[in-house]
Structure formats: C-alpha cells, structure tokens
Amino acid sequence: MDVPLYLEPRLSPRLASLVRSGQLLHMLVGGLGSPLNLVLPEQITDNLARFRNVYREHRLGGEVFFAHKANRSSALIRQLAAVGGAVEVASLGELQHALGAGFTPDRIMATGPKNPEFLWLAARTAVVVHVDSPAELEELAALVHRFRLPRVRILLRLSWFTAPGVKVLTRQSRFGSPVMELDGLLKGVERHGDAVELIGVGYHLDTTSLTEKAVALEGCLQAMDLCRARGLQPRVIDIGGGFGANYLADGGQWERYTTELTNAVLGRRPPLTWRQHGYGLRNESGTLRGALGLYPAYRPVAGERYLGALLSSQAPSLRGRLATLLLESLYDLYTEPGRALTDQCGLTLARVLEVRRTEAGEHLVRLAANADDIGLEEHGVLMDPLLIPPGEGHVPAASEPLGAYLAGNLCLEADMITRRMVFLPRPPVPGDLLAFANTAGYCMDFSADHAQRQPVARKVAVWQDAGSWRWCLDEQYWPITNNGGVHEV
Ligand SMILES: *Cc1c(COP(=O)(O)O)cnc(C)c1O
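Residues numbered from 1 in each chain as written. Predicted model: local features only at pLDDT ≥ 70, side-chain atom pairs only at ≥ 80, totals over all residues. Heavy atoms only, no water.

> Got a minute to help me understand the overall build of the protein chain in this structure?
Scanning the protein chain from terminus to terminus reveals 12 helices and 22 strands. For a compact globule of 489 residues, the expected C-alpha radius of gyration is about 23 Å, and the protein chain comes in at 24 Å, within 12% of that figure. Roughly 20,700 Å² of accessible area belongs to the protein chain as shown, and the carbon and sulfur atoms make up 51% of that amount. Charge-centre separation for the protein chain: the mean point of 49 positive side chains lies 2 Å from the mean point of 52 negative side chains. (Helix = DSSP H or I, 4+ residues; strand = E, 2+ residues; numbered from the N terminus. Rg over C-alpha atoms; globule rule 2.2 N^0.38 Å. Areas by Shrake-Rupley, 256 points an atom, 1.4 Å probe, with all protein chains shown as cover. Lys, Arg positive; Asp, Glu negative; His and termini not counted. Charge placed at Lys NZ, Arg CZ, Asp CG, Glu CD.)

So this is what it looks like as structure tokens:
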C-alpha cells in the first residue's frame, strides 16, 4: 500500500486521557450500545474561560452565549448554567431546555426566525430577543400589548453589510434584516417604544473570513451611531458565532492530504475517495475544476484565538482596531460561539461489525452507526477515527496500516461514514471500536434519527474524579453529580 495519509485528530489532554481508557469505552458501548456519544462538561467550562480571557485582555465587557444548536446535550448546558455562563437558543424546545437547565432569563438570548409560541415564551420570561425581521418586531410588539407583558429587551440582527471604498460585501444571508433597511426598522422600534427596548445590534455570519466579519462589525458600529443619533441608547454589539475549531493535530498532514487528493482527482495517483468523490473538485479532461468544499480542518487560529484576531484587526474604513473602537464607545460585546465552545467536548464511539473486500479490492469497514450519527463527513470535517481494541495488548504484532472506507448500518448505498479512504494503523476486526474525536459541535446529534429503526446513540456525560473517569447518562447529569463541584468561571 502507499504511504498512509493520516489526518490525526487534535486531542486535548482530557480527551486524550479518555481515548486511552479503552476498557471503560468498551464497557460503556457493551452496556449502552453502538453508536454511543460521550460529552465532557468540564471541557466546556475551560473553553468558556478561554473566551472570557480574550474579553479581559481587550478590557471588554459583555457576555459569551453558547449557541445551543451545536449540541442537544443537557449535561453541557447545565454545566454552563452552573458556572455562570449564558446560552443562545433558536427554538421553543431549546428555550425550554435552557430554562430547565437553570439559566435565569438574563443569561438567555433568543435568536433566529421565531414561531409565535417561541416568541411568546421568550417575551413572557423576559429573555433578550434578537429580532430577525421587521415583521417579527411587529409580531413581538403585538404579543407584548395583547398579553400585557413587560417591555422586552431586543437586539436587531442585521445582514448584507458593505464597506465604503472596500470591495468586500458580507455574504448574503436569509436571516436578519438588510442593513440598508435599518431606518425603517428603527421607526418600528420607536413606534413600539412601550413594548420593546433596543439594547443593541448584531450579526451572525457563517464564514471563516476575518475580513467579512470585520466589515460586519464595523457596519454594526455605524448602525449604533445611527441609533444614537435618533436618541436611542443601545449598548451591545453582538457578533454571533463562527469562531471555528481546529480539528487536526498536524498541519503538514493536512497539506499532504489535500495535495494528494488533488492528484487523485486528476488521476495521477490511486484513488483516495469512494466512487471518485472529489469533495467539490473534478477533473475536466486533465484540468482541475471546482473548489474544495471541505472544512479547513487544520485551523490554528480558531475559537478564542479567532476572536482575538478579529478584535485586534483594523476596522476596514474607520481606522482603528475594532477592540479599541468597541472600548472607546463603552459597548458590551456579545458572542455566540457554538462549534468553538464544544471543541474537545465530545467523542462518538461505534463498533466494527464487518470488514469486507469489494470487487475492486477496496476495504470496506461496516460500523454499528450511520452517517447521520457521525456528522463529520456531512460537515466536511476530514479526520481519522481512533482504533480501540477490546482489551489491552490485543493489537496484533505484525500489523500493517490499512486504507479503508467506513460504511454505515443503513441499507442505502449513500450511507458512507467516510467517502475518504481513512488510514488505520492496522486492519480493524469485528469487536474493535472506532472513536471519532471532537464530535460535540454539530457532528454528534444534529441529524441523528431512527432511520430503519436503527438505534439513536445514547449520550453519556463523563468527568474525572481523583484521577479516574466517572460517567452517567447525559440527562442524569446535574453539576452536583460531579463530586469535585463546579465553580463560576
Ligand atoms: C449557528 C449559530 C451560531 C453558532 O455558530 P458556530 O459556527 O457554531 O459558532 C451562533 N449564532 C447563530 C444565530 C447561529 O445560527
């Protein structure tokens, strides 16, 4: 076989210790079934503290709201409630979950387009409402009047920012109100002054581009000026989420892999993907076309570092660091990290059922899990699973690395857990576990379903106590379960 093209996952010391606990992992899957999701509540506390440190470094006030969307876990959000965190919810169910996890309404923000029930419960419980459109503003005001609710604190979600003189336009979004319609929106805010209090403006852009985000942040600073010129007194700028995560341990491996993938698409080396899948690239008579549609899995400037980089960057036209401009105006900064706060917070386990050879000689490893249980491929994150044998010392001595495709447990050709050939240090055998690291952000339960009545993964919270791992079902986890106790960060 060719030289293996590994894409080794980056593992925090905590997650590394967990994947070394093979006996525990086999015991858990033995008792609770495959697939199985593990979440690490202590890690999300650490991640929150890192974000807060960036605020401190830049002397900024404000709050870090965890985007609940990234994971359905109860343990993770109860942990955040216990350590004084905050949460961003985007559905009625998420709001109910957050209230039930112990967040007080001042630590909850409701975003996204809302249905009437969601909007009513948000207004009734006095959480901050991030208004998605002019129509939603009208609907909210009508609810407040009709049910005689207290005045609701609102933010306006803006989109479609442009920078004068700079050829950058932020990507179009179907969420939020176009910034050029701000004037009409503010008229609505003024008209409904008895029902809503404008506390700020914000955006959420699903992009990795710092330039686009700088344009949007500057656009918000200008929008704040406009609000103040009209006598309103907003004090918050919310820059949404999208700080990202660094999935891979080694940038060199990522470089090598993407180069070889290109070569494979061009037919210059043996295939690296299932049925000539090109991840967006294609070969048009010897010329490479298309664009690589993958998450930039090696991303050293991600998470809180990305926030730091954004705050340290210059405003595209106002001439000054964005952090300085925020500080000078005494604005509070709100952030809504999802993926970044769940970084290193989860592990998905799946049992190997079968290893077979296809007619073309490819190795196909069938797992007791399907592509909806392990969303890495769906989210374009390419990363090797870790092979966990059933007992210590079970690794066959004369084992060679193996390139294989991972297939799911559905009777569906498309149910491939990887369409990329993954390289494993030895051929897996039935009974081994594959551990997929860092799945807590979107890759664990976002799409999991009961297709073909296959089981949906159970979820377990795990934490360390005096050097050994403890666990309980996710829904059984309350921060008091953890003997070490949790403290505000
Ligand atoms: C999804 C979402 C987020 C979180 O995005 P990440 O990329 O996970 O950080 C934050 N805010 C809103 C409004 C979202 O829709």
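> Please clarify how the side chain of R269 should be interpreted in this entry.
Mapping R269 onto the fold places it in the loop between helix 10 (251–265) and strand 12 (281–284). On the basis of relative accessibility, which here comes to 16%, the residue R269 falls in the buried class. A distance of 3.0 Å separates a polar atom in the side chain of R269 from a polar atom in the side chain of E260. (Buried < 20%, exposed > 50% of the residue type's maximum accessible area, 1.4 Å probe, protein only. Polar contact = N/O pair within 3.5 Å; in protein donor to acceptor, adjacent residues only side chain to side chain.)

> Is there a simple way to explain the site of the ligand in this structure?
As a structural note, the neighbourhood of the ligand is formed by 13 residues, with K69, G242, E336, R339 and Y442 the closest of them. Between the ligand and E88 there is a distance of 3.2 Å, counted from a nitrogen atom to a side-chain nitrogen or oxygen. At 2.5 Å from an oxygen atom of the ligand is found a side-chain nitrogen or oxygen belonging to Y442. A total of 390 Å² of accessible area belongs to the ligand in isolation, and the protein chains cover 89% of it. The class makeup of the residues in the shell around the ligand is 3 nonpolar, 5 polar and 5 charged. (Near = heavy atom within 4 Å. Nonpolar A, V, L, I, M, F, W, Y, C, P; charged D, E, K, R; others polar.)

> Is there a simple way to explain the nonpolar core in this structure?
One recurring pattern in soluble globular proteins: nonpolar side chains tend to sit buried together. Core analysis: the largest hydrophobic core is formed by 88 residues, its most contacted members being L140, I154 and L156. Among the elements that take part in this core, helix 9 (residues 210–229) stands out by supplying 9 residues, more than any other. Residue contacts for L140: discarding those within four places in its chain leaves L119, A123, V129, V131, V152, I154 and V196. Residues A369, M383, Y405 and A407 belong to the second largest nonpolar core, which totals 41 residues. (Core = buried A, V, L, I, M, F, W, Y, C linked by side-chain atoms within 4.5 Å. Contact = heavy atoms within 4.5 Å.)

> For this particular structure, what's the right way to read helix 3 (residues 41–57)?
Note on helix geometry: an α-helix contains 3.6 residues per turn, so any two residues three or four positions apart are oriented the same way. Look at helix 3: 25 Å from first C-alpha to last across 17 residues, which is about the 24 Å you get at 1.5 Å a residue. Burial in helix 3 covers these residues: P41, E42, Q43, I44, T45, N47, L48, F51, R52, V54 and Y55. Directly after helix 3, the chain includes R59, whose backbone phi takes a positive value near 55 degrees. (Expected span 1.5 Å × (residues − 1).)

> Hey, could you run me through the state of the cysteines in this one?
One way to say it: the disulfide is the covalent bond shared by the sulfur atoms of two cysteines. Considering all chains together, one arrives at 0 disulfides under this definition. Looking at C345, it has no disulfide partner, and the nearest cysteine sulfur is the one in C443, 13 Å off. What makes C345 buried here is its relative accessible area of 0%. Note on C472: no disulfide assigned, nearest cysteine sulfur contributed by C345 at a separation of 15 Å. (Disulfide = S-S within 2.5 Å.)

> Looking at this model, I keep getting lost on the environment of I239. Mind explaining?
Looking at where I239 falls in the secondary structure, it is placed in the loop between strand 11 (236–238) and helix 10. Considered as a pair, I239 and P134 are 105 residues apart in the sequence and their alpha carbons are 20 Å apart. In this structure I239 touches Y203, L217, L307, L310, L333, Y334 and T335, once residues within four positions along its chain are discounted.

> Help me understand the pairing of strand 18 (residues 402–407), please; the structure alone is not making it clear to me.
The side chains of a regular strand alternate, residue by residue, between the two faces of the sheet. Counting buried residues along strand 18, 6 of its 6 residues qualify, which places the element largely inside the surrounding structure. Where strand 16 (residues 363–367) meets strand 18, 4 bridges bridge the pair, whose relative direction is parallel. Residue pairing across strands places V365 opposite L406, the latter belonging to strand 18. In terms of strand pairing, strand 18 meets strand 19 (residues 422–424) through 3 bridges, oriented antiparallel. Each bridged residue has a counterpart across the sheet, and for L402 the counterpart in strand 19 is L424. (Pairing = 2+ DSSP bridges.)

> What am I meant to see in the side chain of Q43 here?
Mapped onto the elements, Q43 comes out in helix 3. Among all residues touching Q43, those that are not within four sequence positions of it are S12, R14, R50, D343, Q344 and C345.

> Help me out: how do you make sense of unusual backbone geometry in this one?
The peptide bond linking S34 to P35 adopts the cis configuration, its omega dihedral lying at 0 degrees. With respect to the helices, strands and loops of the structure, P35 is situated in the loop between helix 2 (22–32) and strand 1 (36–39). One non-glycine residue, S285, adopts positive backbone phi at about 40 degrees. Within the secondary structure layout, S285 lies in the loop between strand 12 and strand 13 (287–290). By relative accessible area, which is 78% here, S285 ends up exposed. The backbone of A466 shows a phi angle near 45 degrees, a positive value even though the residue is not glycine. Inspection of the secondary structure puts A466 in the loop between strand 21 (458–465) and strand 22 (468–473).

> Honestly, the domain arrangement of the protein chain in this entry has me stumped. Any pointers?
By a frequent convention, interface size equals the accessible area lost on bringing the separate parts together. Considered domain by domain, the protein chain is made up of domain 1 (13–40 + 344–488), domain 2 (41–244 + 295–335) and domain 3 (251–290). For domain 1 versus domain 2, the separation of C-alpha centres amounts to 34 Å. Counting residues at the interface gives 31 residues for domain 1, matched by 23 residues for domain 2. Of the roughly 2,200 Å² buried between domain 1 and domain 2, counting both surfaces, carbon and sulfur atoms make up 52%. Summed over the shared surface of domain 1 and domain 2, the result is 2 salt bridges. Between domain 1 and domain 2 we count 16 residue pairs in polar contact (both at pLDDT 80 or more) in total. Take the side of domain 1 that touches domain 2: its biggest share by element is 5 residues, from strand 21. Across the side of domain 1 that touches domain 2, the residue classes break down as 17 nonpolar, 8 polar and 6 charged. (Domains from an automatic or database assignment. Buried area = accessible area lost by both parts, 1.4 Å probe. Salt bridge = Lys/Arg side-chain N within 4 Å of Asp/Glu carboxyl O.)

> Honestly, the packing of helix 9 against helix 11 (residues 304–312) in this entry has me stumped. Any pointers?
Describing two packed helices takes the angle between their axes plus the distance from one axis to the other. Relative to each other, helix 9 and helix 11 sit at 55 degrees, their axes nearing to 10 Å. In terms of axis orientation, helix 9 runs oblique to helix 11. Between helix 9 and helix 11 lies a crossing of right-handed hand. Contacts from L210, K213 and A214 in helix 9 reach Y306, A309 and L310 in helix 11. When the residues that make up the contact of helix 9 with helix 11 are grouped by side-chain class, the tally is 5 nonpolar, no polar and 1 charged. (Axes fitted to C-alpha atoms, helices over the stretch in contact; angles between N-to-C directions. Parallel < 35°, antiparallel > 145°, perpendicular 65-115°, else oblique. Left-handed = near helix turned anticlockwise from the far one by under 90°.)

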